Amino acid sequence: MKRSYKVRFNLGRGKNYMKWKIEGPDGVEYYNPDGVEIVMHECQLGNHKKTAKKILEGAHKTVCAWVKCTAVDIEQPGTVSCDDLVQLKYNPRVLPHWFINEGENVDGIVVEKIISVGRKLVGSLN
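Residues numbered from 1 in each chain as written. Predicted model: local features only at pLDDT ≥ 70, side-chain atom pairs only at ≥ 80, totals over all residues. Heavy atoms only, no water.

J.: Explain the environment of His-97 to me, please; I cannot follow it from the model alone.
T.: If you trace the backbone, His-97 turns up in the loop between β7 (86–88) and β8 (99–100). Here the alpha-carbon distance between His-97 and Ala-52, two residues 45 residues apart in the chain, equals 7.2 Å. Those residues within four positions of His-97 in sequence are excluded, and the remaining contacts are Asn-47, Lys-89, Tyr-90, Gly-103, Glu-104, Asn-105 and Asp-107. (Helix = DSSP H or I, 4+ residues; strand = E, 2+ residues; numbered from the N terminus. Contact = heavy atoms within 4.5 Å.)

So, in structure tokens, the structure goes:
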């Protein structure tokens, strides 16, 4: 299954700071996290492990995590049901991988649907 979209939270300085960045077949788009919910389909959590480990050890933050997916839908906030979904977390200052709960590593897993809720991501891990 080809994952033709790449979604990540943009922390680079400039006008798109703190926005969701979606790279797709038609180019790059940025979205204010307070103005949309991004529904990602057939997703895989990705991460540059060596870069994340360096950040954990004190290096400056740089791009090292993303969600690859087959399709993306942009919805208005509050219109997508997030019941029974688990928060997917990524902070290389805390752990050098995607995690849930108190640190369970979920790097590389495939998730049917992931939804952005503000600056957070939630998904079903069934």
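So that's the structure; there's more coming.
J.: Which parts of the structure should I look at to understand the packing of aromatic side chains?
T.: Two descriptors summarise a pair of aromatic rings, namely the distance from one centre to the other and the angle between the planes of the rings. What the rule picks out here adds up to 2 aromatic pairs. Measuring from centroid to centroid gives 5.3 Å for Tyr-90 and Trp-98, while their planes differ by 50°, and the two rings are tilted. With a relative accessible area of 5%, Trp-98 lands in the buried category. (Phe/Tyr/Trp six-rings, centres within 6.5 Å; stacked < 30°, edge-to-face > 60°. Buried < 20%, exposed > 50% of the residue type's maximum accessible area, 1.4 Å probe, protein only.)

J.: Explain the pairing of strand β10 (residues 110–117) here, please?
T.: One face of the sheet, then the other: side chains in a regular strand alternate in exactly this way. With 5 bridges connecting them, strand β4 (residues 37–47) and β10 associate as antiparallel partners. Bridged to Val-39 within β10 is Ile-115. Alignment of β10 against strand β11 (residues 120–123), held across 4 bridges, turns out to be antiparallel. Within β11, the position partnered with Val-117 by the bridge is Lys-120. Where β10 folds back onto β11 in an antiparallel hairpin, the turn is made up of 2 residues, including Gly-118, whose phi is positive at roughly 65°. (Pairing = 2+ DSSP bridges.)

J.: What should I look at first to understand the pattern of salt bridges in this one?
T.: A side chain of one charge can pair with a side chain of the opposite charge when the charged atoms of the two come close. Following the criterion strictly, the structure yields 2 salt bridges and no others. Here Asp-107 makes a salt bridge to Lys-49, at a shortest N to O gap of 3.8 Å. Highlighted residues: Asp-107 in the loop between β9 (104–105) and β10 and Lys-49 in helix α1 (residues 49–56), separated in sequence by 58 residues. With a relative accessible area of 16%, Asp-107 lands in the buried category. Across the salt bridge formed by Lys-53 and Glu-57, the nearest N and O atoms sit 2.7 Å from each other. (Salt bridge = Lys/Arg side-chain N within 4 Å of Asp/Glu carboxyl O.)

J.: Got a minute to help me understand the side chain of Asn-16 in this structure?
T.: Position of Asn-16 among the secondary structure elements: in the loop between β1 (5–10) and β2 (19–24). Owing to a relative accessible area of 16%, Asn-16 belongs among the buried residues under this scheme.

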